[in-house]
Amino acid sequence: PDLVWAGVEPAALFRTRDGGEHWEPVAGLNEHPSRDKWEAGGGGLGLHSIAVDAGDPKHVVIGISAGGVYESRDGGVEWRPWNEATRAEHLPNRRPAVGQCVHHLVAHPAEAGVFFQRNHFGVYWRGTADKKWTETTEGLPTEFGFAGAIHPHDAKTAYVIPLDPRMRMSTTDGLAVYRTRDRGATWKRLDRGLPKGMTAEVMREGMSTDRLDPVGLYFGTTAGELWASTDEGKSWTRLAQYLPPILSVATAAL
C-alpha cells in the first residue's frame, strides 16, 4: 500500500515507496530511447493512465498521449513499447512502434493479465500472453472517444462513450453508453433515462464503476452533469447538475 505511481505532464512517471513522503523519477521510462518520438496530442503530452496487473504488481502498463503504451514486467526498471497492431492514423506510418494517441487505459481489477484501451483510433483488448492488441471497434457509431471502463466482475464486459471526432462531443444520435459482454465482438447502446439527442462531452477519466452487485456505473460531463446507473447501464438517473466541468469520476463503497 505504500507503493504509488504518478504520471505527469510533460509525460513522465514517478514512484513513491513510502506513501508519498519521497518521490523518485522512473528513469527507465522517462529516459527511454524512443522518447523523442512522443508528441503532444490535443490535450497535451501527458502520461495519464497507469494500469497494474491484478495478478502481478511488477507488471505495470502505462499510456501516453501521444506516445503510446509501454510495459514493464520488473516493477518499472525496464520498459518496452507495447503497441503491436494499434493504429495511429495521424502518422505517416499507421502501425508505428510508438507514437499512438492513447486516450484511456485500464487493467481489470481482479482478472490477471487483462488490459482494455480506449484509443483515439478505436477500442482494444490485450492479455498478458497476447502478442498484439485486438481491435473491437466494429459496432460502435464512431471509433473516437475518451472514457472507458471495464466490468469489475466480468473481464469480457466493458463500457465506452463514443464521440464525434470532429466536434469531440456526442454524435447526432445523442450521448449514450455502449456496452459489450463478449470482449467487443458486439456492442449495445444504453441510453434509457438520458435526454434524447443529449449533447455532451465525457473526458478520459469521466466514467467509473463501483464493485457492487449489480455493478453501478457513473459518468460526468464537461457541462457539469453527473449521471448514474445502478443496474449496469440499463437505465440512467441524473445525480447532479450545474457543477463545474467534470474531468474525473471515482467511486468508493462505504
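Residues numbered from 1 in each chain as written. Predicted model: local features only at pLDDT ≥ 70, side-chain atom pairs only at ≥ 80, totals over all residues. Heavy atoms only, no water.

### A closer look at the overall build of the protein chain
Piece 1. When helices and strands are counted, the protein chain shows one helix and 19 strands.
Piece 2. Within the span of the protein chain, comprising 254 residues, buried residues form 52% of the whole.
Piece 3. For the protein chain, restricting intrachain contacts to residue pairs at least 6 apart in sequence, the fraction spanning at least 24 positions comes to 47%.
Piece 4. Counting only carbon and sulfur atoms, one obtains 52% of the accessible surface of the protein chain, whose full area is about 12,000 Å².
Piece 5. Taking the 28 positively charged and 32 negatively charged side chains of the protein chain as two groups, their mean positions are separated by 6 Å. (Helix = DSSP H or I, 4+ residues; strand = E, 2+ residues; numbered from the N terminus. Buried < 20%, exposed > 50% of the residue type's maximum accessible area, 1.4 Å probe, protein only. Contact = heavy atoms within 4.5 Å. Areas by Shrake-Rupley, 256 points an atom, 1.4 Å probe, with all protein chains shown as cover. Lys, Arg positive; Asp, Glu negative; His and termini not counted. Charge placed at Lys NZ, Arg CZ, Asp CG, Glu CD.)

### Quick notes on the pairing of strand β5 (residues 60–65)
Piece 1. Most of β5 sits inside the fold, with six of its six residues counted as buried.
Piece 2. Taking every second residue as pointing to the same face, both faces of β5 are buried, with V60, I62 and I64 on one and V61, G63 and S65 on the other.
Piece 3. Where strand β4 (residues 46–52) meets β5, six bridges bridge the pair, whose relative direction is antiparallel. The residue bridging V52 from the neighbouring strand is V60, located in β5.
Piece 4. Sheet topology note: the β5/strand β6 (residues 68–72) ladder contains five bridges and is antiparallel. Among the inter-strand pairings, I64 is bridged to a residue of β6, identified as G68.
Piece 5. Taken together, β5 and the strand that follows it, β6, pair antiparallel across an intervening segment of two residues. (Pairing = 2+ DSSP bridges.)

### A word on the nonpolar core
Piece 1. Counting residues in hydrophobic clusters, the biggest one holds 19 residues, and the most contacted among them are I161, L175, V177, M207, F219 and W236.
Piece 2. Residue assignment for this core shows that the elements contributing at least two residues are β12 (145–150), β13 (158–162) and β17 (217–220).
Piece 3. Sort the elements by how many residues they give to this core and β12 lands first, with three residues. (Core = buried A, V, L, I, M, F, W, Y, C linked by side-chain atoms within 4.5 Å.)

### A short note on the pairing of β6
Piece 1. Taking burial as the measure, the five residues of β6 include five buried ones, the bulk of the element.
Piece 2. Where β6 and strand β7 (residues 80–81) come together, two bridges link them in antiparallel fashion. Note on β7: the bridge partner recorded for E71 is R80.

### Things to note about the sheet that holds β12
Piece 1. Read across the sheet, four strands follow the order β12-β13-β14-β15 without closing on themselves; strand pairing throughout is antiparallel. Looking at the sheet topology across the chains shown, the edges are occupied by β12 and β15 (188–190). Taking each pair of neighbouring strands and ignoring which way they run, the sheet shows an average axis angle of 30°. (Axes fitted to C-alpha atoms, helices over the stretch in contact; angles between N-to-C directions.)

### With respect to the pattern of salt bridges
Piece 1. Evaluated as defined, the whole model comprises 14 salt bridges.
Piece 2. Taking the shortest distance from any N to any O, the salt bridge between D130 and R183 comes out at 3.8 Å. Within this pair, whereas D130 is found in the loop between β10 (122–127) and β11 (134–135), its partner R183 is found in the loop between β14 (177–180) and β15, the two being separated by 53 residues in sequence.
Piece 3. Owing to a relative accessible area of 31%, D130 belongs among the partly exposed residues under this scheme. (Salt bridge = Lys/Arg side-chain N within 4 Å of Asp/Glu carboxyl O.)

### Notes on the packing of aromatic side chains
Piece 1. Summed over all chains, the structure comprises six aromatic pairs.
Piece 2. Taken together, a centroid distance of 5.7 Å and an interplanar angle of 70° make the contact between W38 and Y70 edge-to-face. In this pair, W38 sits in the loop between α1 (27–30) and β4 while Y70 sits in strand β6, placing the two residues 32 residues apart along the sequence. The two residues W38 and Y70 agree in class, both being buried.
Piece 3. Ring centres 5.5 Å apart and planes at 75° place the aromatic pair W82 and W133 in the edge-to-face group. In this pair, W82 is assigned in the loop between β7 and β8 (102–107) and W133 in the loop between β10 and β11, connecting sequence segments 51 residues apart. No difference in accessibility class separates W82 from W133, as the two residues are buried.
Piece 4. Aromatic ring contacts, followed pair by pair, group W82, F115 and W133 into a single cluster. (Phe/Tyr/Trp six-rings, centres within 6.5 Å; stacked < 30°, edge-to-face > 60°.)

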